[in-house]
Amino acid sequence: MAVIVSVNVGRRRPVAAKSGTSGIDKRPVVGPVAVRAPGPEGEGGSGLVGDHISDTANHGGDHQAVYAYAREDLDRWEGELGRPLSNGVFGENLTTSGLAVNEAVIGERWSIGEVVLQVSCPRIPCVTFAVWLGEQRWLPRFTRARVPGAYLRVLTPGTLSPGMQVRVLDVPAHGVSVATAFAAFTTQPDLLPLLSGVPELPPEDSEAVARRLGQR
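Residues numbered from 1 in each chain as written. Predicted model: local features only at pLDDT ≥ 70, side-chain atom pairs only at ≥ 80, totals over all residues. Heavy atoms only, no water.

**Q** Help me understand the sheet that holds strand 7 (residues 94–97) in this model?
**A** An order of 4-1-7-6-10-9-8-12 is seen for the eight strands of this open sheet, with the pairing classed as mixed. Of all the strands in the sheet, just strand 4 (26–28) and strand 12 (167–170) have a single pairing partner and so form its edges. Across the sheet, the axes of successive neighbouring strands diverge by a mean angle of 35°, strand direction being ignored. The pairing of strand 1 (residues 3–10) with strand 7 spans four bridges and is antiparallel. Across the sheet, residue Val-3 finds its bridge partner in strand 7, namely Ser-97. (Pairing = 2+ DSSP bridges. Helix = DSSP H or I, 4+ residues; strand = E, 2+ residues; numbered from the N terminus. Axes fitted to C-alpha atoms, helices over the stretch in contact; angles between N-to-C directions.)

**Q** Would you mind showing me how to read the packing of helix 1 (residues 71–81) against helix 3 (residues 138–145) here?
**A** Any two packed helices are characterised by the angle at which their axes cross and by the distance between the axes. Remark: helix 1 packs on helix 3, axes separated minimally by 13 Å, with the N-to-C direction vectors making an angle of 130°. Taken together, helix 1 and helix 3 sit at an angle that is classed as oblique. Crossing angle aside, the handedness with which helix 1 passes helix 3 is right-handed. Contact residues: Trp-77, Glu-80 and Leu-81 in helix 1; Trp-138, Arg-141, Phe-142 and Ala-145 in helix 3. (Parallel < 35°, antiparallel > 145°, perpendicular 65-115°, else oblique. Left-handed = near helix turned anticlockwise from the far one by under 90°. Contact = heavy atoms within 4.5 Å.)

**Q** Whenever I open this one, the pairing of strand 8 (residues 109–112) confuses me. Can you help?
**A** Consecutive side chains of a regular strand alternate in pointing toward one face of the sheet and then the other. Relative to strand 9 (residues 115–122), strand 8 runs antiparallel, the two sharing four bridges. Directly across from Arg-109, in strand 9, lies its bridge partner Gln-118. Counting the residues that bridge the hairpin from strand 8 to strand 9 gives two residues, and of these Gly-113 lies at a positive phi of roughly 60°. Note that strand 8 and strand 12 share three bridges and pair antiparallel. Counterpart to Arg-109 in the pairing with strand 12 is Asp-170.

**Q** Can you walk me through helix 1 in this structure?
**A** Each turn of an α-helix holds 3.6 residues, which means side chains three or four residues apart point in the same direction. If you check which residues of helix 1 are buried, you get Arg-71, Asp-73, Leu-74, Trp-77 and Leu-81. The buried residues of helix 1 occupy an angular sector of 155° when projected down its axis, which confines them to one face. Residues Arg-76 and Gly-79 are exposed on helix 1 and point more than 90 degrees away from its buried face. Turning to helix 1, the residues buried within the fold contact strand 6 (66–70), strand 7 and helix 3. Backbone geometry just downstream of helix 1 places Gly-82 in the positive-phi region, at approximately 70°. (Buried < 20%, exposed > 50% of the residue type's maximum accessible area, 1.4 Å probe, protein only. Arc of directions from axis to C-beta.)

Right, here's the structure in full:
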């Protein structure tokens with residue numbers, strides 16, 4: 001059964017990154033957290049009430065409202081890095097179990113209680129993430145692993161709590177997964193043509209795909 005292991009929110013904290021502060025230090029919370037569409041990128045923040053995002057020009061907004069990462073992938077990273085990794089340490093809002101987050105198809109919808117979320121795109125790692133983890137050559141290491149986790153839109157607002165079941169409502173026929181999209185944007189640009197037929201991608205990602213394919 002696919003469930004939410006923890007719901008994680010971050011407060012504004014100093015980080016040695018471009019913005020000077022970040023909400024990447026996300027911690028599990030007890031009890032329900034309100035979730036809603038936060039508004040356009042650059043204007044909106046996180047989809048979770050009480051969750052801080054410093055760099056709203058590049059993070060947050062309707063297409064990156066919620067970030068999900070699988071506990072199973074955190075467990076594998078624990079073995080590789082040789083240290084414990086708590087829920088939320090990758091900056092994820094939802095730590096899941098029993099859900100193949102990276103194999104989720106772009107555009108598929110998840111039902112969690114009254115909330116409906118839609119998979120929009122993979123997480124592309126940034127310098128703040130590397131600084132926060134403090135691991136040598138973390139960005140190329142994370143990229144090679146191809147387990148980026150998924151950003152989600154909030155289609156139906158509501159509240160989320162640990163232990164809630166996740167049900168996949170529908171899966172688009174194009175079949176392009178989060179992992180495939182991540183590879184296309186990073187190490188395998190030969191896969192970019194697959195993304196040109198994915199209408200559920202964020203508009204800025206679709207425009208980037210068109211530019212790289214010489215269509216604009």
